[in-house]
Amino acid sequence: MSSMQEHMPPLHFLFIEDTEDDALLLVDYFQSAGLKFDWQRVDTEQGVMAKLQESWDIIFSDYSMPGFSGARALEIVRQYDPDIPFIFISGAIGEDVVVEAMKRGAQDYVMKGNLRRLLPAVDRELQEAQQRRKHRQADQLLRKLSLVVTQTTDSVFITDPKGRIEYVNPAFEKLTGYSAEEVQGKTPAILHSGINDDNFYEQLWQTISCGEGYKGTFINRHKNGELFYEEEIITPLKDEEGNITHFVSTGRDITARVQIEEAQARLTAILDATPDLVAIFDLEGYLRYLNESGRRLLGLDVGEDISRYCMWDLFFTGAAQQPVSQILTAVQQHGVWNGETILRTTRNKELPISQVVLGHGRDGDCVEYLSTIARDISERKRFEAELEHQATHDRLTNLPNRSLLSDHFASAVKYAQRHDSSVGVLFIDLDNFKRINDNLGHAAGDVLLQQIAQRLQGCMRANDTVARLGGDEFIILISELHDPENILDVLNKLRVAFEHPVIIQAHEVYVTFGIGIALYPHNGTRLEDLLRHADIAMYRAKSSGSNQYCFYGSDMDARGHELVSLEADLCQALEQGGFALHYQPQIDLRSGRVAGIGGLIRWQHSIRGLVPPADFIPHLEKSGMIIPVGEWVLRQACRAHRNWRELGFNDMRISINVSAAQFSDVDLLDKIQRALQDEHMPKRALELEITENILMRDPVSAAEILEAIHALGVRVAIDDFGTGYSSLAYLKRFPLDALKIDRTFVRDITNDSGNAAIVEAGISLAHKLDLEVIAEGVETKQQLEFLQKHDCDLVQGYYFSRPLPMPELTQLFHGK
């Protein structure tokens, strides 16, 4: 043993012995045998436990000790280390005790009085302990490998050299649906889907039969019939002579990944097919992806490298563009920015686009890259420009309307405030225009108004404004008026301009008019006040005869008294039931049935008789009475609908107008809800008609109110579409149900190509926005046929019925 130890480190011996002399005898014995070792002695249970924290090559123990049992020492040692050699060295003990000690894990027993067997036993046990440790480590490794195979999420199966399955792990059972018993002795062909052909499997078998590994993707079939994709590696196992003994297959379910890749491929195909530009780019703006439409819009060739192009240069350059920093800030804070920009192509062409920029990051962290969707809106911009012109100009005369007049007045006032000057407002009303309409016809009257508009414009400077309010009323806004007396020069120009007659249908028509004049700031600071004062002065001028003018003065109270009297009459009408609703049917052009009813207010005055709405509704709005009168109209309409439902007419809806004041009323929603509840009115049977000008005064607030009305279930229609100012960018965001084309467009659709184009475009636009289209003022069969041809949904007008009181309309429904 000493020769074996020449090149080995000292051994570590632990003696469990109550007598130190006995331990020293053993030390002398081993040293005399030439062993190199260090040693320690313990004689208590605590001492044993403490020393077992150290490393020992062999442990020697007395069996019988006064305060400690050798059997207990063996038990403690085996709990700590099952492989360390443990030899009892003791006096005489019984054979049964020795056998029991060997069973409990002792390697040997040597008598203290006869140590001849001790050295061979030590030598043997040191070698066997090393083998035991190796076997135990190998077993542990094998168990770990078994756990790996059993617990891995990858499918594992093992076959014999002929491909018959001998083992499958639980992941295989989960992936395929087959239990180990079901596939035992069968080949993997049980999983074949039929999609991989025979040639595929023949080449696979040839590869692995030659001892080579194989890696590939299989389309297999689950026990339940479903297909799944598996990425599989097949490895041949060989014996020492190189013969294949088994094949091991490990597979991973990649069905989800394949589906994602297929979805990405479909998405790419969709993105390439869309007409919109779709791009992905980094925070510096450099392109990383661009679809085919994007290449086409930018003028890039199919194979051209896109990474050298910067989106910030293509989209956001120029004084009119929004700074890149603002866009990035919006994306960082909200995840998205949208707006309209100009796209500058590689050929230096500029295109207006509607664009959305999205930020992308991981789990809501900072934005790492950006994407954008951009649509060419050139055609829409042209259409919007046309609509904007229509919204700010009178259709008949092409003069500015009230909306544009208000803008010009604001500019004129700013100049007047800076230069201490005045602004003149001339209110012009033609004399005897109704007689011309009656004698020569409405077409002649329209031509006359157009001719008058041209002459009025010919009299004015470029910085003055000629506008038409409607009917035969014109407004001249004179800016930069440093001396009010200069208005007399304007009046003289007007007199000269209309000295010669206007030729209408070979008739000479001499035009005369009354002019009322109000000055800013002397007669008011608001346009509404100046128009009202000029209107009063105009009436004073007309009372003096034809072709007269009059400056407004503070003594002109007659008109004011008249308005006060009118307001008192309106209050009385509301209190005493002087108002009534007349109803005009709306016809569904597809079915020919009555689909809706328009409710129109009328005033039966005790002296003046039936007063047209145009003569009293403006006064309701100015006085604020439109709020209670509007609520009366709402309740009356709901009550009428209830009566019709009781008569069996259940499929109709009823439409009423909502004024600007009502729309701004904080109690509007409550009033609507109460009216619906009180009359048990189906919510979708009520439609509120709101003019586009009301919505565009404050689009953001209007959107909130419309959302609230929509939440009630009530329909909303845009009334008089095309006569006001609206932005399609806002209209498409409003929760709308219908669009009503104004009668001014319908009137001339059969003989005015411009009106016909506007109506056709309006119908197309509404349908693209998923809105129903209602045409007002249908009076002829030709108008009806035009609207039918262009897929208008509903129509109303005198061609079918004038507005009728409820009893007469009910008789009409019954066919009486």
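Our subject is the structure listed above.
Along each chain, numbering runs from 1 in the same order as the chain's sequence is written. Totals for whole chains, interfaces and linings use every residue, but because this is a predicted model, local features are given only for residues with pLDDT of at least 70 and side-chain atom pairs only at 80 or more, for both listing and counting. The side-chain quantities take in all heavy atoms of the structure and omit both hydrogens and water.

Quick notes on the overall build of the protein chain
A tally of regular secondary structure across the protein chain gives 30 helices and 31 strands. Relative to a compact globule of 816 residues, whose C-alpha radius of gyration would be 28 Å, the protein chain shows 50 Å and is clearly more extended. Expressed along its principal axes, the backbone C-alpha trace of the protein chain runs to roughly 155 × 65 × 65 Å. The classification of residues rests on relative accessible area computed with a 1.4 Å probe and restricted to protein chains. Under 20% of the type maximum is buried, over 50% is exposed, and intermediate values are partly exposed. Buried residues in the protein chain amount to 45% of all 816 residues. Residues count as neighbours in contact if any of their non-hydrogen atoms are within 4.5 Å of one another. Nonlocal contacts in the protein chain, meaning residues at least 24 apart in sequence, comprise 59% of its contacts between residues at least 6 apart. For the protein chain, the accessible area works out to roughly 42,300 Å², and carbon and sulfur atoms hold 50% of it. Between the centroid of the 82 positive side chains of the protein chain and the centroid of its 120 negative side chains there is a distance of 4 Å. In DSSP terms, a helix is any run of H or I states spanning at least four residues, a strand is any run of E spanning at least two, and both are numbered starting from the N terminus. Computation of the radius of gyration draws on C-alpha atoms, with the globule rule given as 2.2 Å multiplied by the number of residues to the power 0.38. Method for areas: the Shrake-Rupley scheme with a 1.4 Å probe, in which residue coverage is limited to the protein chains shown. Charged residues are defined here as Lys and Arg on the positive side and Asp and Glu on the negative side; His and the ends of the chain fall outside this count. For charged residues, the charge sits on one atom: NZ in Lys, CZ in Arg, CG in Asp, CD in Glu.

With respect to the packing of aromatic side chains
The way to describe two aromatic rings as a pair is by their centre distance and the angle between their planes. Here a pair means two rings of Phe, Tyr or Trp (six-membered ring of Trp) with centres within 6.5 Å. Their orientation is stacked below 30 degrees between planes, edge-to-face above 60, and tilted elsewhere. Counted under the stated rule, the structure contains 28 aromatic pairs. Ring geometry for Tyr-29 and Phe-30: centres 5.6 Å apart, planes at 65 degrees, overall edge-to-face. A network of ring pairs unites the aromatic residues Phe-13, Phe-15, Tyr-29, Phe-30, Phe-37, Trp-39 and Phe-60 as a single cluster.

Details of the side chain of Thr-392
By the secondary structure assignment, Thr-392 is in helix α13 (residues 378-392). Classification of Thr-392 as buried rests on a relative accessible area of 10%. Within the structure, Thr-392 has its side chain in polar contact with the backbone oxygen of Glu-388 (distance 2.9 Å). Distance and chemistry together define a polar contact, namely a pair of N or O atoms within 3.5 Å, with one atom able to donate a hydrogen and the other to accept it when in protein, and with adjacent residues in sequence counting only for side-chain atoms on both sides.

A look at the pattern of salt bridges
Definition used for salt bridges: Asp or Glu carboxyl oxygen within 4 Å of a side-chain nitrogen of Lys or Arg. What the rule picks out here adds up to 48 salt bridges. Glu-340 is the salt-bridge partner of Arg-380, the closest N and O atoms lying 2.2 Å from each other. With Arg-380 in helix α13 and Glu-340 in strand β13 (residues 336-344), the pair connects residues that are 40 residues apart, well separated along the chain. The class for Glu-340 is partly exposed, based on a relative accessible area of 37%.

Let's talk about the side chain of Ser-371
Position of Ser-371 relative to the elements: it lies in strand β15 (residues 369-376). Since its relative accessible area comes to 12%, Ser-371 is described here as buried. Here the side chain of Ser-371 touches His-360 through a polar contact of 2.7 Å, side chain to side chain. Beyond its immediate sequence surroundings of up to four residues, Ser-371 is in contact with Ala-279, Ile-280, Phe-281, Val-356, Val-357, Leu-358 and His-360.

Some thoughts on unusual backbone geometry
Each neighbour pair has its own omega, and for Tyr-520 with Pro-521 the value is 0 degrees, a cis peptide bond. The phi angle at Asn-432 is positive, at roughly 60 degrees, despite the residue not being glycine. Relative to the helices and strands, Asn-432 resides in the loop between β16 (422-430) and α15 (433-440).

Some thoughts on the environment of Val-331
On the secondary structure map, Val-331 appears in helix α12 (residues 324-334). The exposure class assigned to Val-331 is buried, which follows from its relative accessible area of 2%. For the pair Val-331 and Thr-780, spaced 449 residues apart in sequence, the C-alpha to C-alpha distance is 54 Å. The contact partners of Val-331, leaving out residues within four places of it in the chain, are Val-336, Trp-337, Val-357, Leu-358, Gly-359, Val-367 and Leu-370.

Brief notes about the sheet that holds strand β1 (residues 11-16)
We treat two strands as partners when DSSP finds at least two bridges between them. On the basis of which strands lie adjacent, the open sheet formed by 5 strands has the order β2-β1-β3-β4-β5 and parallel pairing. The open sheet is flanked by β2 (37-42) and β5 (108-111), the only strands paired with a single partner. On average, adjacent strands in this sheet sit at an angle of 25 degrees to one another, irrespective of strand direction. Structural elements are reduced to axes, namely lines fitted to C-alpha atoms, with helices fitted over the stretch in contact, and the angle between N-to-C directions of any two is expressed from 0 to 180 degrees. Sheet strands in contact with helix α1 (residues 20-32) are β1, β2, β3 (58-61) and β4 (86-90), and its direction is about 165 degrees off that of β2. Relative to β4, helix α3 (residues 70-80) is tilted by about 170 degrees, and along the sheet it contacts β1, β3 and β4.

A word on the pairing of strand β24 (residues 594-605)
Within a regular beta strand, the side chains point alternately toward one face of the sheet and then the other, so they alternate between its two faces. Among the 12 residues that make up β24, 9 are buried, leaving the element largely enclosed by the rest of the structure. Looking at chain direction, strand β23 (residues 579-588) and β24 are connected through 9 bridges and run antiparallel. Paired with Gln-584 across the strands is Gly-598, a residue of β24. Between β23 and β24, which pair antiparallel one after the other, the connecting turn spans 5 residues, and Gly-592 there sits at a positive phi close to 80 degrees. In this structure, β24 lies alongside strand β26 (residues 653-657), joined through 3 bridges in parallel fashion. Across the sheet, Gly-596 pairs through a bridge with Arg-653, a residue of β26. In terms of strand pairing, β24 meets strand β25 (residues 609-611) through 3 bridges, oriented antiparallel. Bridge assignment links Gln-604 to a residue of β25, and that residue is Leu-610.

Details of the sheet that holds strand β7 (residues 165-168)
The strand order across the open sheet built from 5 strands is β7-β6-β10-β9-β8, with neighbouring strands paired in antiparallel fashion. The open sheet has two free edges, formed respectively by β7 and β8 (214-221), since each of these has just one partner strand. Strand-to-strand, the axes of this sheet are offset by a mean angle of 30 degrees, without reference to chain direction. Where strand β9 (residues 227-238) and strand β10 (residues 244-253) come together, 9 bridges link them in antiparallel fashion. Each residue of the ladder has a partner; that of Glu-230, found in β10, is Asp-253. Its contacts with the sheet place helix α8 (residues 198-209) against β8, β9 and β10, and it is angled at close to 140 degrees to β8.

Observations regarding the nonpolar core
Residues belong to one nonpolar core when they are buried, are Ala, Val, Leu, Ile, Met, Phe, Trp, Tyr or Cys, and are joined through side-chain atoms within 4.5 Å. Tyr-583, Trp-644, Phe-663, Ile-672, Leu-686, Leu-787 and Val-795 are the most contacted members of the largest nonpolar core, which has 78 residues in total. Among the elements that line this core, the one with the most residues is helix α21 (residues 626-646), at 8 residues. Not counting residues up to four positions away in its chain, the partners in contact with Phe-663 are Val-658, Leu-668, Ile-690, Ile-694, Leu-695, Ala-702, Ile-705, Leu-706 and Ile-709. By size, the runner-up hydrophobic cluster in this structure holds 34 residues, among which are Ile-428, Ile-476, Ile-478 and Ile-487.

Re the packing of α21 against helix α23 (residues 668-678)
The geometry of α21 relative to α23 is characterised by a closest axis approach of 9 Å and an angle of 25 degrees between their N-to-C directions. Taken together, the axes of α21 and α23 are roughly parallel relative to one another. By crossing handedness, the relation of α21 to α23 is classed as right-handed. Judged by residue contacts, Ile-627, Glu-631, Leu-634, Arg-635, Cys-638 and Arg-642 of α21 engage Lys-671, Ile-672, Arg-674, Ala-675, Leu-676 and Asp-678 from α23. When residue character is reported, Ala, Val, Leu, Ile, Met, Phe, Trp, Tyr, Cys and Pro are called nonpolar, Asp, Glu, Lys and Arg charged, and the others, Gly included, polar. Grouping the amino acids of the contact of α21 with α23 by side-chain chemistry returns 6 nonpolar, no polar and 6 charged. Relative orientations are named as follows: roughly parallel for angles under 35 degrees, roughly antiparallel for angles over 145 degrees, roughly perpendicular for angles from 65 to 115 degrees, and oblique for any other angle. Crossing handedness is read from the near helix: turned anticlockwise from the far helix by less than a right angle, it gives a left-handed crossing, and turned clockwise, a right-handed one.

What to know about the environment of Tyr-201
Within the secondary structure, Tyr-201 is located in helix α8. Contact partners of Tyr-201, with chain neighbours within four places excluded, come to His-192, Asn-196, Phe-218 and Asn-220.

Side note on the pairing of strand β18 (residues 473-481)
Counting buried positions over the 9 residues of β18 gives 7, a clear majority of the element. Of the strand pairs in this sheet, strand β17 (residues 465-470) and β18 are connected by 5 bridges, and their pairing is antiparallel. Across the sheet, the residue bridging to Arg-468 is Phe-474, located in β18. Counted along the chain from β17 to the antiparallel partner β18, the turn is 2 residues long, and its residue Gly-471 has a positive phi close to 55 degrees.

Some thoughts on helix α30 (residues 806-813)
Looking only at α30, the buried set comprises Met-806, Leu-809, Thr-810 and Phe-813. Down the axis, α30 shows its buried residues gathered within 105 degrees of arc, on one side only. Against the buried residues of α30 lie β23, β24 and α21. This arc corresponds to the set of directions leading from the helix axis out to the C-beta atoms.

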